[in-house]
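Here is how the chains run, residue by residue.
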Amino acid sequence: MDYLQTYLRSIAQQTMDEESINLLSLYLAFIRGMYITHQQNHWLAKNYNDHILFQRLYEETIPLVDGTAERVIGLCQVDSFKDFQSIASKFAPKEKSILSLLESSLEIERAFQKLSKKVYDTLKEKDTMTLGLDDLIMSQSSVGESHIYLLQQAISEYKTGPVEKVIE
Ligand SMILES: [Fe+2]
């Protein structure tokens, strides 16, 4: 068998293992959950600045959801999706205050960074990472890092501000 044939056969045999598929499905559900969290916080934030901040966060998360879903379906042939609602409810604001809304979005963004690192490291280790997926995970983490920066700024402004902002 010549080199080319051996090479083509090895490519055809390269499939995603179960752990990589599970992690990518979780990664997708997590991004959908994050989108829901930011959008719900947007609806609950009645003061203009925070309302607009949460709008920016959920709008910037939409392309991540779509890009990830298409990539995961294409690479893993999954047709059932993990429960994203339970992820969103895990990070729901603990009380009805603007600070709590900001902390809820910040916590899910921080957890997203941790999960992204775990997905990235595991796929690299298992040699199931593709060049496109590598690029996707990195660029999406970069979007998340800018969200963390914005949320931290908003929280520090809130904490040094004169008035406690409460919803209702
Ligand atoms: Fe809106």
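What counts, and at which threshold
- Residues numbered from 1 in each chain as written.
- Predicted model: local features only at pLDDT ≥ 70, side-chain atom pairs only at ≥ 80, totals over all residues.
- Axes fitted to C-alpha atoms, helices over the stretch in contact; angles between N-to-C directions.
- Helix = DSSP H or I, 4+ residues; strand = E, 2+ residues; numbered from the N terminus.
- Parallel < 35°, antiparallel > 145°, perpendicular 65-115°, else oblique.
- Left-handed = near helix turned anticlockwise from the far one by under 90°.
- Nonpolar A, V, L, I, M, F, W, Y, C, P; charged D, E, K, R; others polar.
- Contact = placed C-beta atoms within 7 Å.
- Buried ≥ 20, exposed ≤ 12 C-beta atoms within 10 Å, placed from the backbone.
- Core = buried A, V, L, I, M, F, W, Y, C linked by C-beta atoms within 7 Å.
- Expected span 1.5 Å × (residues − 1).
- pLDDT = per-residue confidence, 0-100.

Asks: Would you mind going over the packing of helix α5 (residues 98-126) against helix α6 (residues 131-160) in detail, with residue names and values included?
Replies: For the pair α5 and α6, interaxial distance at closest approach is 9 Å and the crossing angle is 155°. Taken together, α5 and α6 sit at an angle that is classed as roughly antiparallel. Our pair here, α5 against α6, has a crossing hand that is left-handed. Along the lines of polarity and charge, the residues of the contact of α5 with α6 split into 13 nonpolar, eight polar and three charged.

Asks: With reference to specific residues and values, describe the environment of Met129.
Replies: Counting through the fold element by element, Met129 comes out in the loop between α5 and α6. Measuring from C-alpha to C-alpha, the distance between Met129 and Val119 comes to 9.5 Å, with ten residues separating the pair along the chain. If sequence neighbours within four positions are ignored, Met129 has contacts with Leu123, Lys124 and Asp134.

Asks: So, unusual backbone geometry: which residues are in play, and what are the values?
Replies: Phi is positive for Asp127, which is not a glycine, with a value near 60°. Within the secondary structure, Asp127 is located in the loop between α5 and α6. Judged by C-beta crowding, with 9 C-beta atoms within 10 Å, Asp127 ranks as exposed.

Asks: Got a sec to walk through the nonpolar core? Specific residues and values, please.
Replies: Residues Leu24, Tyr27, Leu28, Phe30, Ile31, Met34 and Val119 are the most contacted members of the largest nonpolar core, which totals 33 residues. Contributing elements (two or more residues each) for this core: α2 (18-44), α3 (48-76), α4 (84-90), α5 and α6. In this structure, Leu28 is in contact with Thr68, Ala69, Val72 and Phe81, ignoring residues within four places of it in sequence.

Asks: Explain α2 to me, using residue names and the numbers behind them.
Replies: Between the first and last C-alpha of α2 there are 39 Å, a value that for 27 residues agrees with the 39 Å anticipated at 1.5 Å per step. Buried residues dominate α2, accounting for 19 of its 27 residues.

Asks: Talk me through the confidence of the model for the chain; I want residue IDs and the actual numbers.
Replies: Within the chain, residue pLDDT values average 90, and 89% of them lie at 70 or more. Between the elements of the chain, mean pLDDT differs from a low of 61, seen in helix α1 (residues 3-13), to a high of 97, seen in α5.

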